[in-house]
Amino acid sequence: MPEQYRLILKNIDQSGYTPDIECYLRHGGYEPLKKAFALTSKDLPEGKKQTPQEQIRQEVLNSGLRGRGGAGFSAGMKWSFVDRKSGKPIYLICNADESEPGTFKDRQIIHKDPHQLIEGMIISCFANDVKLAYIYIRGEFPQGAKILIKALAEARAKNFLGKNILGSGYDLEIYIHRGAGAYICGEETGLIESLEGKRAYPRIKPPYFPAILGLYMSPTIVNNVETLCHVKHIIEITGGAYAKLGTPNNTGTRIVSLSGQVKKPGYYEIEVGKVTIGELINHPNFGGGLLDGRTLKAVIPGGSSAKIFKAGEKFKLKKKSADGTMTEVETDMLDLPYDFDSLQAAGSMSGSSAIIVMDDSVDIVEALANLSEFYAHESCGQCTPCREGSLWMSKALHRMTHGHGRKQDADYLLNIAQNIQGRTICAFGEACSWPVLSFIKKFKDEFETKGAADEARQSSAGPTSDMKIAASPNH
Amino acid sequence: MSTQATTEQKPAPPPIEKIKIKVDGRDIEVPKAMPDWQGKLQPTTMLQACQIAGIDVPHYCYHPKLPIAGNCRMCLVEFGTPAMGPDRKPVLNPDGTSKILRSVLPYEPSTPRGAIACATPISPGMEIYPNSPATKVMREAVLESLLINHPLDCPICDQAGECKLQEYSVDYGKAGSRFIEPKVHKPKAVDLGPRIVLDDERCILCTRCIRFTKDVVGDDKLGVVNRGSYNSIAAYPGTTFDNNYTLNTVDICPVGALTSKDFRFKMRVWFLKETKSLCTSCGTGCNTIVGSREEVMYRYEPRENDAVNSTWMCDSGRLNYKWVNREDRLSKVQGSKLKVQSQEKAWSVAIRDISEILRKAAAGSVAFVASARQTNEELYLLKKLATKSNAITDSVPRIGEGDRLLLNADRNPNSTGSRLIGISGEKMGSNLSKIAEGIRSGSIKTLIVFGEDVTKHGIGADLLAKLENLIVSDILPNATTAAAHYLLPGCAHVEKRGSFVNVKGRVQRFMQALQPKGNARAEWEFLHELVFNVTGQNGYVTIEGLFNQMSKEVPAFNGVSWAGLGDAGVTIQI
Ligand SMILES: Cc1cc2nc3c(=O)[nH]c(=O)nc-3n(C[C@H](O)[C@H](O)[C@H](O)COP(=O)(O)O)c2cc1C
Ligand code: SF4
Ligand code: SF4
Ligand code: SF4
Ligand code: FES
């Protein structure tokens, strides 16, 4: 039976569990940190020594932990890219900008178990010789910022932060930085610019890879809130034990934000790949099924920028059979294991692990218009294809949803979107074009029908009715 | 004095490793590293490699003298890199060539992926396809995006004719637009600062103006406001864009968004004649281009010279040209002792009289005040006259405030030349009081003044009145010209040729853009006649010959020739 596996959410929402440090300590908090500090140099076979820091980094690599912020990149690998010879300070930034529509997992941690995050950060900082770290929290989380500020003060008072932490000789400070309300501040290099006090224009890569030229042009690690929490658990149970959770290459647990037209929207923590999309939507332990009398129309599996799945869509997934040969198995969209690799193989992504469910009451053109308006509003406007293309798509969709569609608009939109993806400074180019590409490819008939109907109405209204376009979004 | 002329523009760099790549199917070798905007060696970019291969990659935001932004995406090019086997060795094709993997979108391997040529370093074996169909598709799409919200008002735009949007539209644009949505409207004719007007609708948000202002000038005034397609360039609220370098943003703005209040709507750029010149407003000697039409000067623009001004100039220097067109420019040979009415004969009579005066002058009875705004050639000829009559000489110092970028505290363009040629001493102006004293005591009877109003520099009208001969050459009237016994109308630098030495010892020449006003003549021409009459020396009838003669005689210039100066000049030891 598919069930939750609450590792990060273990204490969250348990009655009597509060965000203060005493409660956290009563539940075994900061023990993993002490364990990390207690590590001593280890002798390696060839006479080399492995420092405690290197051991922690090795554990994280062994755990197979992949980033929970969106790209699913190996955390251990990311840490291994850090330029440790530059002579410059190394910074760590916790990305608490959680702004991908549909996503509401990091806020649970921040609001209800802030010390779990802080402990994860301290261990990660210690492992990477970081002396100064930041939590970049979105402007729309004022309460979260307050809670974190209080938690940091508590941790400082108990010498989990500050100078010579717990007598280890290690110094660390963590500061909170509040955003001003822009989605692009979640993109790591935009975040870094914003943290430096500038407009959050993402940086070009090359040359500005954060691991080499990040915050203040120094090596920098940016990890998501949830990712950093997992580090604490990896140290607690070892990387090897953690790697046994979930499925190969998709290890550990993950918090899924489930929203849309299901009976029980909410956040659910699962072992990665052990539960299918269908189970997340329909099983009583999770979404509990669609609203009564409704049928499934589509699912966005990984936050609003992930490519949409159409109900009934089938994918050929490669599977290793018992004898080691690879076979292709036809898999229904609902039977996709909720993990990194399967969703990618199916042409989408698990992204920020936010599932948005749409039933047959949804007008797909309206839904896309809504998403596009969000992306047009949030494009930072730095690079041409995204700046101009995101608003262009939004205006065309606005026109379509205001009775002035054309049959050709489906192809028109596809082409605009194709001219954005892969040609921009940051992945926002994909984020704004993928919904358009996937919605239209999979529901082209609905777009064309709507456009054709509008055209028919326009022409029957006679030649005097010229194209009046309702006020476009965002003015 | 040991004199050594250095003609190279940049110091010889240490040998740089070369790498082999292919551009447009052609094998080329390019240096692994090349100078970035600050001259620091950085990995060579695809755009630089293409330039070496003689292929221009269209670009908007890239500017060789600014940090790279990579935002316009116009320079996207398709490329490939050698396929590597598991042994980290290149995989070979059957014919022995190395197998190239064309770059594709990781999530959609059927679609080529471009890289921005301006910021992407080359690597050994790389192939760049600046003209492939995929590259063209990307370019066309970027251009289309730039145009959808553009007002397309070229006929009333001041940039027309020197606009990159126009240029690339010819190459990659479409005749019609498929954009049927309402355009974004933004502020028009924004008064950005005392010298700049901004049209936000024409702006393509390349941020060149911001980067120049921030990273070159060190001024944070300019920024982007709003978000997405509504992004607009603006000055920080409550402030005005008013540093002394703002007009450079007009030059580097690839479109008609930033315009100069001084120049806008005065002249269509394609009518302008362009002449290589220099700014004369300080000792830096920024290289310029003079834009003129039908004997009227319309503007200065900076001309690239990495040894002097990069590609910039200051606003005060740039706008200091109006005097060239002034109505009251001196255009007649005049003077209270000139005994001839007709201008046709005036020059020959005046030269004859002055030659006579100088030939007869007793040693030590003549003094020269020659301007440090004059050319080396003129100062050299004046020095010859002064030597003949054992005259005391000097120039007038002009000191202002300098800055850390270009503007020098020395506001004369040729103080160095004046000193090297021996008109002024180490401390310019120290002889002026001696000259005043000599006139007062009666030992100095003849004063020759070029280009200065000496009444403002300690030689007042009362002293001038005591002189037997006051011979003046200038281009604009002043109290000294009013008192002249002989007044010879000269030329603004844009009306003649010549050279200056800047404060760092750069010898630079400038060309003639306009004809002299009325009966005015280039000073070096009539000075040459005077020198011949007074000293009997000849041979300087062309500016080239004159300069080359000077470089033989004046030690600091040894080894430098007029031709050798080229457009960028030569550095001498000073
Ligand atoms: C447009 C855009 C928005 C993003 N927003 C967020 C966000 O809100 N939170 C987040 O953790 N990562 C976000 N990311 C991903 C970050 O760039 C970065 O990959 C992530 O923080 C790395 O952490 P991880 O490796 O722990 O996942 C965003 C990326 C893009 C392109
Ligand atoms: S892709 Fe969009 S969000 Fe990213 S830098 Fe370009 S304009 Fe900004
Ligand atoms: S005003 Fe000109 S230089 Fe400045 S960003 Fe706009 S187009 Fe570029
Ligand atoms: S810095 Fe000097 S030489 Fe250059 S433009 Fe300004 S005044 Fe002219
Ligand atoms: S020139 Fe603008 S991105 Fe390269």
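Residues numbered from 1 in each chain as written. Chains lettered and ligands numbered in written order. Predicted model: local features only at pLDDT ≥ 70, side-chain atom pairs only at ≥ 80, totals over all residues.

1. Concerning the overall build of chain A
Each helix and strand in chain A was counted, giving 18 helices and 15 strands. Across its three principal axes, chain A shows a C-alpha extent of roughly 85 × 50 × 50 Å. Here chain A holds 475 residues, and 55% of them are scored as buried. Counting contacts in chain A only where the partners sit at least 6 residues apart, residues at least 24 apart contribute 71% of the total. (Helix = DSSP H or I, 4+ residues; strand = E, 2+ residues; numbered from the N terminus. Buried ≥ 20, exposed ≤ 12 C-beta atoms within 10 Å, placed from the backbone. Contact = placed C-beta atoms within 7 Å.)

2. Regarding the site of ligand 4
All names here are of chain B. Neighbouring ligand 4 are 15 residues; Cys 279, Cys 282, Cys 286, Cys 314 and Gly 317 lie closest to it. Looking at side-chain class alone, the shell around ligand 4 contains seven nonpolar, seven polar and one charged residues. Shared between two domains, the shell around ligand 4 takes at least three residues from each, and those domains are domain 2 (183-325) and domain 3 (343-571). (Near = placed C-beta within 6 Å. Nonpolar A, V, L, I, M, F, W, Y, C, P; charged D, E, K, R; others polar. Domains from an automatic or database assignment.)

3. Examining the sheet that holds strand β3 (residues 91-96) of chain A
Residues and elements named next belong to chain A. Across the sheet, which stays open at both edges, the four strands sit in the order β5-β4-β3-β6 with parallel pairing between neighbours. Both edges of this open sheet fall to β5 (173-178) and β6 (220-224), since each of them pairs with a single strand only. Mean inter-strand twist for the sheet, computed between neighbouring axes without regard to direction, equals 20°. Where strand β4 (residues 132-137) and β5 come together, six bridges link them in parallel fashion. Paired with Leu 132 across the strands is Glu 173, a residue of β5. Taken strand by strand, helix α7 (residues 142-157) contacts β4 and β5, and its axis lies near 165° from that of β5. (Pairing = 2+ DSSP bridges. Axes fitted to C-alpha atoms, helices over the stretch in contact; angles between N-to-C directions.)

4. Notes on the domain arrangement of chain B
Residues and elements named next belong to chain B. What the domain assignment lists for chain B is domain 1 (18-145), domain 2 (183-325) and domain 3 (343-571). Of note, the centres of domain 1 and domain 2, computed from C-alpha atoms alone, are 32 Å apart. Contacts between domain 1 and domain 2 engage nine residues on the former and eleven residues on the latter. Partitioned by chemical class, the residues of the side of domain 1 that touches domain 2 number six nonpolar, two polar and one charged.

5. Details of the interface of chain B and chain A
Accessible area lost when the parts come together is the quantity often used to give the size of an interface. In this assembly, 29 residues from chain B lie in contact with 28 residues from chain A. Residue assignment for the side of chain B that touches chain A shows that the elements contributing at least two residues are α2 (133-148) and β13 (222-225) of chain B. In terms of residue count, α2(B) provides more of the side of chain B that touches chain A than any other element does, six residues in total. Partitioned by chemical class, the residues of the side of chain B that touches chain A number 13 nonpolar, eleven polar and five charged.

6. Considering the site of ligand 2
Residue and element names in this part refer to chain A. Residues in close proximity to ligand 2 total 14 residues, the closest being Cys 380, Cys 383, Cys 386, Thr 424 and Phe 428. Of all elements in the fold, only α15 (384-400) and α17 (428-442) reach the threshold of two or more residues within the shell around ligand 2. When grouped by side-chain class, the residues that make up the shell around ligand 2 number eight nonpolar, five polar and one charged.

7. Regarding the environment of A:Asp43
All names here are of chain A. Following the sequence through the fold, Asp 43 ends up in strand β1 (residues 42-43). Since 9 C-beta atoms lie within 10 Å of it, Asp 43 is described here as exposed. Taking C-alpha positions, Asp 43 is 51 Å from Phe 309, a pair spaced 266 residues apart along the chain.

8. Here's the deal with the packing of helix α14 (residues 364-378) of chain A against α15(A)
Residues and elements named next belong to chain A. Remark: α14 packs on α15, axes separated minimally by 8 Å, with the N-to-C direction vectors making an angle of 150°. The orientation of α14 relative to α15 falls into the category roughly antiparallel. In terms of crossing hand, the pair formed by α14 and α15 is left-handed. Counting all contacts with α14, which are made through Val 365, Leu 368, Ala 369, Ser 372, Glu 373, Tyr 375 and Ala 376, the residues of α15 involved are Ser 390, Leu 391, Met 393, Ser 394, Leu 397, His 398 and Met 400. Looking at the contact of α14 with α15 residue by residue, the classes come out as nine nonpolar, four polar and one charged. (Parallel < 35°, antiparallel > 145°, perpendicular 65-115°, else oblique. Left-handed = near helix turned anticlockwise from the far one by under 90°.)

9. As for the environment of B:Trp312
Residue and element names in this part refer to chain B. Relative to the elements of secondary structure, Trp 312 occurs in the loop between β18 (296-302) and α6 (315-319). Taking the number of C-beta atoms within 10 Å as the measure of exposure, Trp 312 has 21 and is therefore buried. Distance in space between the C-alpha atoms of Trp 312 and Lys 65 is 9.6 Å, their sequence separation being 247 residues. If we skip the residues at most four places from it in the chain, Trp 312 touches Val 216, Tyr 245, Asn 248, Pro 302 and Leu 406.

10. So, helix α13 (residues 523-535) of chain B
Residues and elements named next belong to chain B. Given a rise of 1.5 Å per residue, 13 residues ought to cover 18 Å, and the 17 Å separating the end C-alpha atoms of α13 matches this to within 8%. Taken as a whole, α13 has its buried residues at Glu 523, Trp 524, Glu 525, Phe 526, Leu 527, His 528, Leu 530 and Val 531. Positive backbone phi, approximately 80°, marks Gly 536, located one or two places after α13. (Expected span 1.5 Å × (residues − 1).)

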